[in-house]
Amino acid sequence: LINKLMTLDIETYLNDKNEMHLYCLSTYNGKFKKSYYLNDYANINSLLNKVFKDLFIKSNNGKLIYIHNASEFDLIFLLKHIVQMTNVEVIPVIKDGKFINLEIKYSAKNSNIKQYSIVIRDSMLILPSSLNNLAKAFNVKVGKGIFPYLFVNENNLEYKGEVPEYKYF
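Residues numbered from 1 in each chain as written. Predicted model: local features only at pLDDT ≥ 70, side-chain atom pairs only at ≥ 80, totals over all residues. Heavy atoms only, no water.

K.L.:
It is not clear to me how the nonpolar core should be interpreted in this structure. Could you clarify?
P.N.:
A general tendency of soluble globular proteins is for nonpolar side chains to be buried together. Counting residues in hydrophobic clusters, the biggest one holds 34 residues, and the most contacted among them are Leu 25, Phe 52, Phe 56 and Leu 78. Broken down by secondary-structure element, the contributors of at least two residues to this core are β1 (5-14), β2 (20-28), α1 (44-55), β4 (64-67), α2 (70-83), β6 (98-106) and β7 (116-122). Sorting elements by how many residues they give to this core places α2 first, with 6 residues. Beyond its immediate sequence surroundings of up to four residues, Phe 56 is in contact with Met 85, Val 88, Ile 104, Tyr 106 and Ile 118. (Core = buried A, V, L, I, M, F, W, Y, C linked by side-chain atoms within 4.5 Å. Buried < 20%, exposed > 50% of the residue type's maximum accessible area, 1.4 Å probe, protein only. Helix = DSSP H or I, 4+ residues; strand = E, 2+ residues; numbered from the N terminus. Contact = heavy atoms within 4.5 Å.)

Right, dumping it as structure tokens:
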């Protein structure tokens, strides 16, 4: 089972129009972690194309990807892009407006036959608590750290410098 699990998380910033924008997406398959940063791509579509190109491969067939709070947050940013892709079929299971299960069928390179699939599930629906509280409950040695979420904006995505003021945390 452990070989079939993956996690995915996104990070966003709030722009001056009070709109959320994705700037980082990270995956972990139990062995390897990979992060995709907006500054490494021409735009958000290029970033997401790379993410899904890396996810929709034969070796990921049958994987369960857990995203904490996917139904309320992360899938809002991802689903629009996924459903516009030509080589995928999305099969949702929705209850009370939340994605219980999101199966994504995809094809191998140069094939129109959708013979592989991954499943996205919202871990918040299984473990309804914050990641910080879950780390404590399961005695995880390295829990969720603190981060100045209110500091990040489109102009400082590659910020290097002093720790931001307390008000940004």
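K.L.:
Whenever I open this one, the side chain of Asp 122 confuses me. Can you help?
P.N.:
Relative to the helices and strands, Asp 122 resides in strand β7. Buried charge without a partner: Asp 122 forms no salt bridge, and the closest opposite charge is Lys 98, 6.3 Å away. The contact partners of Asp 122, leaving out residues within four places of it in the chain, are Ile 67, His 68, Asn 69, Ala 70, Ser 71, Glu 72 and Phe 99. (Lys, Arg positive; Asp, Glu negative; His and termini not counted. Salt bridge = Lys/Arg side-chain N within 4 Å of Asp/Glu carboxyl O.)

K.L.:
Whenever I open this one, the pairing of strand β3 (residues 33-37) confuses me. Can you help?
P.N.:
Looking along a regular strand, one sees the side chains alternate between the two faces of the sheet. Sheet topology note: the β2/β3 ladder contains 5 bridges and is antiparallel. Among the inter-strand pairings, Cys 24 is bridged to a residue of β3, identified as Tyr 37. The antiparallel hairpin formed by β2 and β3 contains 4 residues in its connecting segment, where Gly 30 sits at a positive phi of about 95°. (Pairing = 2+ DSSP bridges.)

K.L.:
Explain the packing of aromatic side chains here, please?
P.N.:
Each aromatic ring pair is specified by the distance between its two centres and by the angle formed by the two planes. Summed over all chains, the structure comprises 8 aromatic pairs. Geometrically, the ring pair formed by Tyr 13 and Tyr 23 is tilted, given 6.2 Å between the ring centres and 40° between the ring planes. Taken as a pair, Tyr 13 in strand β1 and Tyr 23 in strand β2 lie far apart in primary sequence, 10 residues in all. Its relative accessible area of 6% is what places Tyr 13 among the buried residues. Judged by its relative accessible area of 10%, Tyr 23 is buried. Ring centres 5.9 Å apart and planes at 40° place the aromatic pair Tyr 106 and Tyr 116 in the tilted group. Of this pair, Tyr 106 sits in strand β6 while Tyr 116 sits in strand β7; the two residues are 10 residues apart in sequence, bridging distant segments of the chain. Here Tyr 106 falls in the buried class, since its relative accessible area comes to 0%. Joined through ring pairs, the aromatic side chains of Phe 52, Phe 56, Tyr 106 and Tyr 116 make up one cluster. (Phe/Tyr/Trp six-rings, centres within 6.5 Å; stacked < 30°, edge-to-face > 60°.)

K.L.:
For this particular structure, what's the right way to read α1?
P.N.:
Owing to its 3.6 residues per turn, the α-helix aligns residues three or four sequence positions apart on the same side. Here α1 is 12 residues long and its end C-alpha atoms lie 16 Å apart, about the 16 Å a rise of 1.5 Å per residue gives. Every buried residue of α1 is accounted for by Leu 47, Leu 48, Val 51, Phe 52 and Leu 55. Looking straight down α1, one finds that the buried residues subtend no more than 125° of arc, so they occupy a single side. In this fold, the buried residues of α1 make contact with β1, β2, β3, β4, α2 and β6. (Expected span 1.5 Å × (residues − 1). Arc of directions from axis to C-beta.)

K.L.:
Would you take a moment to explain the pattern of salt bridges for this structure?
P.N.:
Charged atoms that come close allow side chains of opposite charge to pair. A complete count under the given rule lists 4 salt bridges for this structure. Taking the shortest distance from any N to any O, the salt bridge between Lys 95 and Asp 96 comes out at 3.4 Å. For Lys 95, a relative accessible area of 52% gives the class exposed. Residues joined by salt bridges that share partners form a network here, namely Lys 34, Lys 50 and Asp 54.

Function cannot be inferred from these measures alone, as they are strictly geometric.
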